[in-house]
Amino acid sequence: MDIVELEFDGRDQRVLRFEHAQSGARGYVIVDSTVLGPAMGGCRLWHYPDDDTALRDAQRLARGMSLKNAMAGLPLGGGKAVLQLPHGPFDREAMFSAFGEAVNKFAGDYLTAEDVGTTEEDMRCVREISPFVFGLPTAKGKAGGNPSPWTALGVFRAMSALLARSGRDFSGVTVAVQGLGQVGIALCDLLHDAGASLIVADVNRARLALAVSRGWTVSSVEEIHRAPADIFAPCALGAILSAETIPQLTASMIVGAANNQLAASDDAERLLTRGILYAPDYIVNAGGIINVAAEYFGDDASEVSLRVDGIADRIVAIVEQAASEGVSPAVIADRLAEARVSSGAKLPTAKLSRAS
Ligand code: NAI
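Being a predicted model, the structure only gives us computed values, none of them experimental. (Residues numbered from 1 in each chain as written. Predicted model: local features only at pLDDT ≥ 70, side-chain atom pairs only at ≥ 80, totals over all residues. Heavy atoms only, no water.)

Colleague: Help me get a handle on the pairing of strand S6 (residues 77-84), residues and values and all.
Modeller: Taken across its eight residues, S6 has eight buried, putting it largely inside the fold. Pairing of strand S3 (residues 25-33) with S6 involves six bridges; the strand directions are antiparallel. The partner of Ile 30 across the bridge, within S6, is Lys 80. In this sheet, S6 lies alongside strand S4 (residues 39-40) in parallel orientation, the contact comprising two bridges. The partner of Ala 39 across the bridge, within S6, is Gly 77. (Buried < 20%, exposed > 50% of the residue type's maximum accessible area, 1.4 Å probe, protein only. Helix = DSSP H or I, 4+ residues; strand = E, 2+ residues; numbered from the N terminus. Pairing = 2+ DSSP bridges.)

In structure tokens form, the structure reads like this:
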């Protein structure tokens, strides 16, 4: 197993690169900030064209976790791990054991969990090697397990609150959902039960068959962002909102789970100019990390629900502040989050503390 810590000029992030030839494990573990507490953020397993792209993705995602955790009121910093998905067959258990060794190098400054491409089973393999892994089943009544349903609930609460601002609920509202993964499906179920109409897309045919069996309208992957909908919910991968796609959007509101939805920072301005309300991704998709954090702190499951409900008030406050200043909600969210991360000011609502 090769593990090296890389040095970068002008960046405070700690970056660890690791490679384990026998299992094919290869990737990066990043600690972006520990100002508010240990850095928490999931582990992504994905195809990358080269090491540099994987590293850049990991760094961007790690920074996003610092901002997300700060804004969710969690006494945690931000970090992320990215594993490069091998092209051929590989030993998955050995890969996640090797990853566990890399996680241990941070001695608790980095705490991992599931993300795109990784499962509870993978995290169990990590747990054999490392205590610094969460997103695992816990004792009855205790927070823990798959974070995705909580992420979906937070996104749903945010949509409901933003609709309620203009006196609406989900009746007569159409939501276009891009990506029917763990979060996307759970979100669609909540929306369907609330009376919304759904247009959905996924690259995976089995997912589409499930959608058809539930009576949802299927769109193509190429068309979903411009499907005739009131709300567009990106729940696949990042960078869907770009100079190319923004002019084509039909929805008046973007509220989704995907991380890093804006391809570039001026895309927030593009959305504002078009009069499209953008709910910053890291504010509305914090439900999962709220659950993982509660597991880490040993909290009861009942507390998670209350904290996830808090996403609704948070997004409304940000959107109203943005409206009063005539700027994008992304500007307000970034300003608040950066200030919290750099000052280390824990929120008074963060009553979480870990029993040692
Ligand atoms: P997932 O891997 O279970 O689902 C992603 C889905 O998107 C898959 O069904 C995949 O086939 C589909 N997909 C991929 N490319 C697509 C495309 N071009 N068009 C349409 N569909 C496409 O991932 P999960 O856990 O549902 O997460 C979804 C997004 O939410 C990711 O961006 C993730 O980073 C973000 N997120 C997830 C959290 C969680 O708790 N799982 C927490 C916070 C953010």
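Colleague: Hey, could you go over the packing of aromatic side chains for me, with residue numbers and the actual values?
Modeller: What the rule picks out here adds up to five aromatic pairs. Measuring from centroid to centroid gives 6.4 Å for Phe 96 and Phe 99, while their planes differ by 90°, and the two rings are edge-to-face. You can see Phe 96 and its partner Phe 99 sitting in helix H2 (residues 92-104), three residues apart, about one turn around the helix. Taken as a pair, Phe 96 and Phe 99 share a single burial class, namely buried. Seen in terms of ring centroids, Tyr 296 and Phe 297 are 4.9 Å apart; in terms of plane orientation they differ by 70°. Their pairing is edge-to-face. Its relative accessible area of 12% is what places Tyr 296 among the buried residues. By way of ring pairs, the aromatic residues Phe 18, Phe 96 and Phe 99 are connected into one cluster. (Phe/Tyr/Trp six-rings, centres within 6.5 Å; stacked < 30°, edge-to-face > 60°.)

Colleague: So, the site of the ligand: which residues are in play, and what are the values?
Modeller: Near the ligand, the surroundings consist of 24 residues, among which Arg 44, Thr 151, Val 183, Asp 202 and Ala 236 are the closest. Between the ligand and the protein, one listed contact pairs a nitrogen atom with a side-chain N or O atom of Ser 148 at 3.1 Å. Burial of the ligand by the protein amounts to 84% of the accessible area it has alone, namely 830 Å². Given that more than half its atoms are within 2 Å of the pocket grid, the ligand belongs to the largest pocket. Contributions of two or more residues to the shell around the ligand are made by helix H4 (148-165) and helix H5 (182-193). Its residues placed into classes, the shell around the ligand shows eleven nonpolar, nine polar and four charged. (Near = heavy atom within 4 Å. Polar contact = N/O pair within 3.5 Å; in protein donor to acceptor, adjacent residues only side chain to side chain. Areas by Shrake-Rupley, 256 points an atom, 1.4 Å probe, with all protein chains shown as cover. 1 Å grid on protein atoms, 1.4 Å probe; cavity = no way out; pocket = protein on both sides within 12 Å on 5 of 7 lines; lining within 4 Å. Sits in = over half its atoms within 2 Å of the grid points. Nonpolar A, V, L, I, M, F, W, Y, C, P; charged D, E, K, R; others polar.)

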